[in-house]
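Observations on the three-dimensional arrangement
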Amino acid sequence: MLAYTIYLSFAGALLMALLPKDKPALARWLALGVAVSGLALAVGGFVDGMGQGRVVLVDLAWVPSMGIHFLLAADGISRVLVLLTGLAAVAGVLFSWNIELRTNQFFAFFLALIGGVYGVFLSFDLFLLFVFYEIAIVPKYFLIAIWGSTRREYAAMKLALYSFVGSAMVLIGLLASYAVSGGHSTGLVALGHAHLPVGFQMAMFPLVFTGFAILAGMWPFHTWAPTGHVAAPTAASMLLAGVVMKLGAYGCLRVAISLFPHGLDPWGFSFIGIGSWRDVFAVLAVVGIVYGALVALAQSDFKFVIGYSSVSHMGFVMLGLVTLNQIGVTGAVMQMFSHGVIAGLLFAIVGRIVYERTHTRQLGELETMHLGKRLPFAAWAFVIAGMASMGLPGFSGFVAELQVLVGAWIAKPWWTIAAGLGIVIGVAYTWRALQKAFFSDAPPVLHAHEEGFAAMTWPEVTGVALLAGVSLFVGLYPRILLDTIEPAVKALLAGGGQ
Amino acid sequence: MNYADLFRVTLPETALEVAALLVLLVDLGLLRKAALKTRLAASVLVGVMGCGVAFWTLGFQGSGGLSTGTLNLLASGGLVQVAQSAVLVLTALTLLLLVGSTFTRHAGEYVAVVLMAAAGGLIVAAAQDLLVIFTGLELLSLGLYVLTAFAKGSGRSAEAAMKYYLFGGVSAAFLLFGFSYLYGLTGSTNLQQIVTAVDGSPASPLLYVALVMVAAGLGFKVAAVPFHLWAPDAYEGAPAPAAAFIASVSKVASFALLISVGTAAVHVTGQAGFASPWSLILLVSAVASMILGNLAALAQVNVRRLLAYSAIAHAGYMILGLVYFSRTPASAAAILYYVLTYGLTTIGAFGAVAVVEQATGSSNLDAFLGLHRRNPLLASVLLILFLSLAGIPPLVGFWAKFNLFAAVLSVNSGALPLGLVALAIAMSAVSLYYYLQVLKRAWVLPPVDSTPIQAHPVVLAVLVVIALAVVILGCFPAILGGWIGGFVQ
């Protein structure tokens, strides 16, 4: 069932490309139909898969002479992330309801991106995974370059090149592992069982991990993220932060960590307390958490605050991954889901609900508009999203970050202490943005075009309700995801159980 | 040698030459008074049919080739047949691009020269003997010089042809000089025997000199650094269908020749003697081509020059495949796969550029502004072809690269080949930037002039077919791979 999410999205993209240009409403409703059906399939697959391990969905010989298979499968991690993608797709379409420029093309690129993302999460053949991973690059470029704002061409090109460099590093790893394992198969399970030499794993792990981590926004390779998020149209920001960054993190886990487990072994010497690639990436993750939070604290552009907060939150995912223990990795996957939902919600509020009415994102200007009174819905939605983002109990972020911190404590206590600092700063920047944008008591200034803000539209309300509802539901009843994630993580960490 | 064999093995070449004469007869004889449009259409039709007949006769060649005594002159069957098929198909496609063009009134002559050059390409692809190689190369090259100069009204075309001709003449001289050394060293003009003669002994300085000169001659044909200087000018100045022919058919034939050399070289011990100096020379050229081609392409403002530098870069990747050449046909098949799909894509790219050029009078980047509004179908074709050149899956360019690099690493997965493959992949990441420069103008930036661009229906149909082929072959790589593989057994 899950495999149809991919086919459906690509078919939708093709259909959009062929639609007549002058029927934007038709394009919107069709896109919504495709996205909702994708979500329905994802939910169906999730419910079906409860209590099951890895299930092979499709296995066809794609290039028999090279042992490449069109192999789609799903385990708990995939199912959760596919669910996230479905949510992000529906919310993305809802918050793109006002796109008037080249509407059908917008949704064509949008659905192609979604299709690629579904594909990555469901591929269990490294070659296939890579193909889907690269398919996702091009639509991102056009979404930002055509429909974006602030320095969009620069941001789009930067994002495309960063992604392509990252995927080039992954491709080198793919080719090398394929050759070294004897050139029989590119299946993840087969490569995982190929007993790649330890020295080779040590060399390939940092390459492949970094290649994927670029897309996950790991410091210091994160610089595409804030500029890209800010320049992108709302739906694309939501997808970038919501699911595309997760592609990177997912690749780190599914490919780098599980194919090259010995890459994380100690080097045998240590330098200022760093004795393995695991330590290196943990330090980078922690730096990302704190640095992203500090920079977010200093931004004057509302969207940049959210952009840098994504870097900080993705740091938790990366930290969780390198803890290599059950609770830490589970927390990382949980954080992928949670951040996907929350970041989507934040970008929707900032980029769509507020910006489309005020035409500014400068906190200094928003301060004088008293949006708390004039846009109460946006204000309360942001309060909810902000609380979720800060990691308050009752929201999904709390469950996720707590597990990551516990996992980090088990691995090395100082990681937790440093990352905890990031949470504290996180409260500060969210609070600052909330106060400045919505509840400021600065004297009101009349702006030219702001007589009355347009009322909330139904897509906006539905989108906010969907995302906030999911975050709250998962926060109150985390077992619904954890029961699916935990066995998959256990199998993955045990090795070979891919 | 008996003449029955000669006739059988050179059937396709004969078919092309007969077609060339027929074209002249039709165009200069029967249709002398007709309008240019009719003459163009008739000439192209005869030319394409000639390619079709030649393609059909490929099946009658058998696999024995042509030899005198123990000397093999021309090979046939196997991968040679793959290369020859590709030459014929690509020639037919470049001929179809001619429909609707206005650069010449001499339709018959143009098509005849194309067919003769293609016959040269067929010989080059099959040649196993230095003299035959040289004859084939000259037949091919002379045709290309004429084609480059064919736009008589354009100074650029004349200039490009002159540069191409001078470079070509000098490199042919080098090649011949190198061949004479090889003959002097080994006493034979047959590739296989030359390789056998120097096998096992450490490479002498004279052999290096000879091979460097041969590499200069062949490097010129495939536009590999440092013998690439003609390419940007010729690609820019030549009429578009001619440029497409140079970039595709001539490339396929020349790489088929390099594959023949490589195949001969690995059939003996492999490392000492011939193979090691030859690989070294190729290695230097491959690295230089990949780096220089990609970096120079970044700075181009003319799309044709951009395609020329990208062609240099692609030649670099393919030469890398020749450096680590396997004893099994895997490497040869991978290189052929690459050059074949690259040729196909490039023809499409040049066709699209030609349409824009005809409408706007320029092939600069800015001529593509707002193409998605001016001709959405053409813009979509351009999107697919350029992304394929950049190596984005699921298009065929990606698969070709993957296949080629996998072949390299399957020969040797040591640190050096891995590093070279890493360099090639890193360089193809660079290439995305300049391909996106074109696509950005076609899809993102607003048009300066938004009048629709009309393409001739035949040209548009060819471009759409090529784009579809790029998508389908990319999604199902086993189709073409299996077809090529079928010739190896």
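Residues numbered from 1 in each chain as written. Chains lettered and ligands numbered in written order. Predicted model: local features only at pLDDT ≥ 70, side-chain atom pairs only at ≥ 80, totals over all residues. Heavy atoms only, no water.

With that settled, consider the overall build of chain B. Each helix and strand in chain B was counted, giving 20 helices and 2 strands. What you see for chain B is a C-alpha radius of gyration of 21 Å, in line with the 23 Å of a compact globule of 489 residues. Along the longest, intermediate and shortest principal axes, the C-alpha atoms of chain B span 65 × 55 × 40 Å. Relative to its 489 residues, chain B shows a buried fraction of 63%. Of all intrachain contacts in chain B linking residues separated by at least 6 positions in sequence, the fraction that spans at least 24 positions is 80%. For chain B, the distance from the average site of its 19 positive side-chain charges to the average site of its 14 negative ones is 9 Å. (Helix = DSSP H or I, 4+ residues; strand = E, 2+ residues; numbered from the N terminus. Rg over C-alpha atoms; globule rule 2.2 N^0.38 Å. Buried < 20%, exposed > 50% of the residue type's maximum accessible area, 1.4 Å probe, protein only. Contact = heavy atoms within 4.5 Å. Lys, Arg positive; Asp, Glu negative; His and termini not counted. Charge placed at Lys NZ, Arg CZ, Asp CG, Glu CD.)

As a further point, take the packing of helix α6 (residues 130-148) of chain B against helix α11 (residues 240-266) of chain B. Residues and elements named next belong to chain B. Two elements in contact, α6 and α11, have axes whose closest approach is 10 Å; the angle formed by their N-to-C orientations is 170°. Taken together, the axis directions place α6 and α11 in an arrangement best described as roughly antiparallel. Facing α6, whose interface residues are Ile133, Leu137, Leu140, Leu144, Leu147 and Thr148, α11 presents Ala242, Phe245, Ile246, Ser250, Ala253 and Leu257. When its residues are assigned to classes, the contact of α6 with α11 shows 10 nonpolar, 2 polar and no charged. (Axes fitted to C-alpha atoms, helices over the stretch in contact; angles between N-to-C directions. Parallel < 35°, antiparallel > 145°, perpendicular 65-115°, else oblique. Nonpolar A, V, L, I, M, F, W, Y, C, P; charged D, E, K, R; others polar.)

Turning our attention to a nonpolar patch on the surface. Residue and element names in this part refer to chain A. Judged by side-chain polarity, Leu472, Phe473, Leu476 and Tyr477 come together as a nonpolar surface patch covering roughly 430 Å² of accessible area. Structurally, phenylalanine 473 is set in helix α20 (residues 458-476). According to the relative accessible area criterion, phenylalanine 473 is partly exposed, its value standing at 46%. (Patch = residues over 30% accessible without salt bridge, like charges linked within 9 Å, V, L, I, M, F, W, Y side chains within 5 Å. Areas by Shrake-Rupley, 256 points an atom, 1.4 Å probe, with all protein chains shown as cover. Salt bridge = Lys/Arg side-chain N within 4 Å of Asp/Glu carboxyl O.)

Okay, the interface of chain B and chain A next. Contacts between the two partners involve 35 residues from chain B and, on the opposite side, 33 residues from chain A. Taking both sides of the interface into account, the surface hidden between chain B and chain A amounts to around 3,000 Å²; carbon and sulfur atoms contribute 83%. Among the residues of chain B in contact with chain A, Phe402, Ile425 and Val444 of chain B are the three that bury the most area, contributing 19% of the side total. At the boundary of chain B and chain A, one finds 1 salt bridge. (Buried area = accessible area lost by both parts, 1.4 Å probe.)

What follows covers helix α18 (residues 415-443) of chain B. Residues and elements named next belong to chain B. With 29 residues, α18 extends 41 Å between its outermost C-alpha atoms, agreeing within 8% with the 42 Å of an ideal straight helix rising 1.5 Å per residue. Within α18, the axis deviates most sharply at leucine 436, by approximately 30°. Counting buried residues along α18, 21 of its 29 residues qualify, which places the element largely inside the surrounding structure. (Expected span 1.5 Å × (residues − 1). Bend = angle between axes of the 7 residues up to and from the residue.)

Residue and element names in this part refer to chain B. Tracing the chain through its elements places threonine 341 in helix α14 (residues 330-360). Between the C-alpha atoms of threonine 341 and phenylalanine 325, which are 16 residues apart in sequence, the distance is 20 Å. Beyond its immediate sequence surroundings of up to four residues, threonine 341 is in contact with Val396, Ala400 and Leu480.

Residue and element names in this part refer to chain B. Applying the stated criterion to the full structure yields 19 salt bridges over all chains. For arginine 374, the salt bridge identified is with aspartate 449, shortest N-O distance 3.3 Å. With a gap of 75 residues between them, arginine 374 in helix α15 (residues 371-374) and aspartate 449 in the loop between α18 and α19 (457-475) connect regions that are remote in the sequence. Taken together, the shared-partner salt bridges in this structure form one network comprising Arg156, Glu159, Lys163, Asp233, Glu236 and Arg305.

Moving on: the pairing of strand β1 (residues 55-63) of chain A. Pairing of β1 of chain A with strand β2 (residues 68-74) of chain A involves 7 bridges; the strand directions are antiparallel. The residue of β2 of chain A that forms the bridge with alanine 61 of chain A is histidine 69 of chain A. (Pairing = 2+ DSSP bridges.)

Bringing the environment of tyrosine 324 of chain B into the picture now. Inspection of the secondary structure assignment puts tyrosine 324 of chain B in the loop between α13 (303-323) and α14. C-alpha of tyrosine 324 of chain B to C-alpha of valine 249 of chain B: the two residues are 75 residues apart in sequence and 24 Å apart in space.

We now examine the packing of helix α14 (residues 326-358) of chain A against α20 of chain A. Residues and elements named next belong to chain A. Relative to each other, α14 and α20 sit at 155°, their axes nearing to 10 Å. On the basis of the axis angle, α14 is roughly antiparallel to α20. The way α14 lies across α20 gives a crossing that is left-handed. From α14, Met334, Phe337, Val341, Ile342, Gly344, Leu345, Arg352, Ile353 and Arg357 reach across to α20, where they touch Glu460, Val464, Leu467, Ala468, Val470, Ser471 and Val474. (Left-handed = near helix turned anticlockwise from the far one by under 90°.)

Here the focus is unusual backbone geometry. Of the consecutive residues tryptophan 219 of chain A and proline 220 of chain A, the connecting peptide bond is found in the cis state with omega at 0°. Among the secondary structure elements, proline 220 of chain A is positioned in the loop between α9 (198-215) and α10 (224-231). The linkage connecting proline 393 of chain B with the following residue, proline 394 of chain B, adopts the cis geometry, with an omega of 5°. Residue leucine 324 of chain A is not a glycine yet carries a positive backbone phi of 60°.

Turning next to the confidence of the model for chain A. Put simply, chain A has an average pLDDT of 88, and 98% of its residues get 70 or more. Least confident of the elements in chain A is helix α16 (residues 371-374) of chain A, whose mean pLDDT is 79; most confident is helix α3 (residues 76-94) of chain A, at 93. (pLDDT = per-residue confidence, 0-100.)

This part is about the packing of aromatic side chains. All names here are of chain A. Applying the stated criterion to the full structure yields 54 aromatic pairs over all chains. Taking the centre distance of 5.3 Å and the plane angle of 85° together, the rings of phenylalanine 106 and phenylalanine 107 count as edge-to-face. Taken individually, phenylalanine 106 and phenylalanine 107 each receive the classification buried, so the pair is uniform in this respect. Between the NZ or CZ atom of arginine 151 and the centre of the ring of tyrosine 154, over which it lies, the distance is 4.2 Å. Directly above the aromatic system of tyrosine 355 lies the positively charged group of arginine 361, at a separation of 5.2 Å from the ring centroid. (Phe/Tyr/Trp six-rings, centres within 6.5 Å; stacked < 30°, edge-to-face > 60°. Lys NZ or Arg CZ within 6 Å of the ring centre and 35° of its normal.)

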